[in-house]
Amino acid sequence: MSKGREAAAGGGAAAVLLRYLREQNRPYSAQDAFGNLQREHGLGKAAVVKALEQLAQQGSVREKVYGKQKIYFADQEQLPAASDAELRGLDGEIAARSAQLQALQQSCRHMEAARPVIGATFPELKDLNSSMTTHEITREIEALRKDCASYTEKLERIKSATNHVTPEEKEKVCREQQLYCREWRRRKRMATELLDAILEGYPKSKKQFFEEVGIETDEDHGAVMPTTT
């Protein structure tokens, strides 16, 4: 873009922003002004920032800095003074809006006060509000039916299996497990006591001794003793 076109674009952006700030007569940041005018006028953010800074330097608008953000608004002294009729109209509008606000606040207070009474008078209303909708119940029933079908199929497979374990076989396996676990625990205790006695006169650490001798522990292989009943 040539310098002449840039100047023309900048001047157009400044005019658009000055007119917008005066019409709205409220503060805007550069980001807010860019978001509000981008679609209608096709202004880029850099152009908006530059135009606002230019207007502030010229004194056409006022600039206030809040932390890291700059706020721009129309210079009130440059705006036309309102007539007595306009001021009276604004006062009347303010009074009407104030009355409307008070009426709404009063209505809200009445509704809040009536809520416990309604709940006590119609206890079923609370139950209805917390209950499931027809659509939710339908989906829940469908999910339960699928679960029932899956469990029924699994149960049939178990019943039709031929490799069932008899109670006698199960009892035998449990007794063998208890025997092996007791022997495992006994041998581990004996080995621990023996190693502790050796380590009393060993000048190095327990880890170094294990590495030199080549001892491997249950923990090295992730072996965990089963819980027996």
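Please refer to the structure placed before this passage.
Now for a quick tour of the structure. (Residues numbered from 1 in each chain as written. Predicted model: local features only at pLDDT ≥ 70, side-chain atom pairs only at ≥ 80, totals over all residues. Heavy atoms only, no water.)

## Re the nonpolar core
Grouped together as the largest cluster of nonpolar side chains are 21 residues, with contacts concentrated most on Leu-17, Leu-21, Val-48 and Leu-52. Looking at this core, the elements with two or more residues in it are α1 (3-24), α2 (30-41), α3 (45-58) and β3 (69-74). Other than its neighbours up to four places away in sequence, Leu-52 contacts Leu-17, Leu-21, Ala-30, Val-61 and Tyr-72. Core analysis: the second largest hydrophobic core is formed by five residues, Leu-195, Tyr-202, Phe-209 and Phe-210 among them. (Core = buried A, V, L, I, M, F, W, Y, C linked by side-chain atoms within 4.5 Å. Buried < 20%, exposed > 50% of the residue type's maximum accessible area, 1.4 Å probe, protein only. Helix = DSSP H or I, 4+ residues; strand = E, 2+ residues; numbered from the N terminus. Contact = heavy atoms within 4.5 Å.)

## Remarks on α3
Look at α3: 20 Å from first C-alpha to last across 14 residues, which is about the 20 Å you get at 1.5 Å a residue. Within α3, the full set of buried residues consists of Val-48, Ala-51, Leu-52 and Leu-55. In an axial view of α3, the angular spread of the buried residues amounts to 100°, which keeps them on one side of the axis. Away from its buried face, by an angle of more than 90 degrees, α3 presents the exposed residues Ala-46, Lys-50 and Gln-57. Backbone geometry just downstream of α3 places Gly-59 in the positive-phi region, at approximately 85°. (Expected span 1.5 Å × (residues − 1). Arc of directions from axis to C-beta.)

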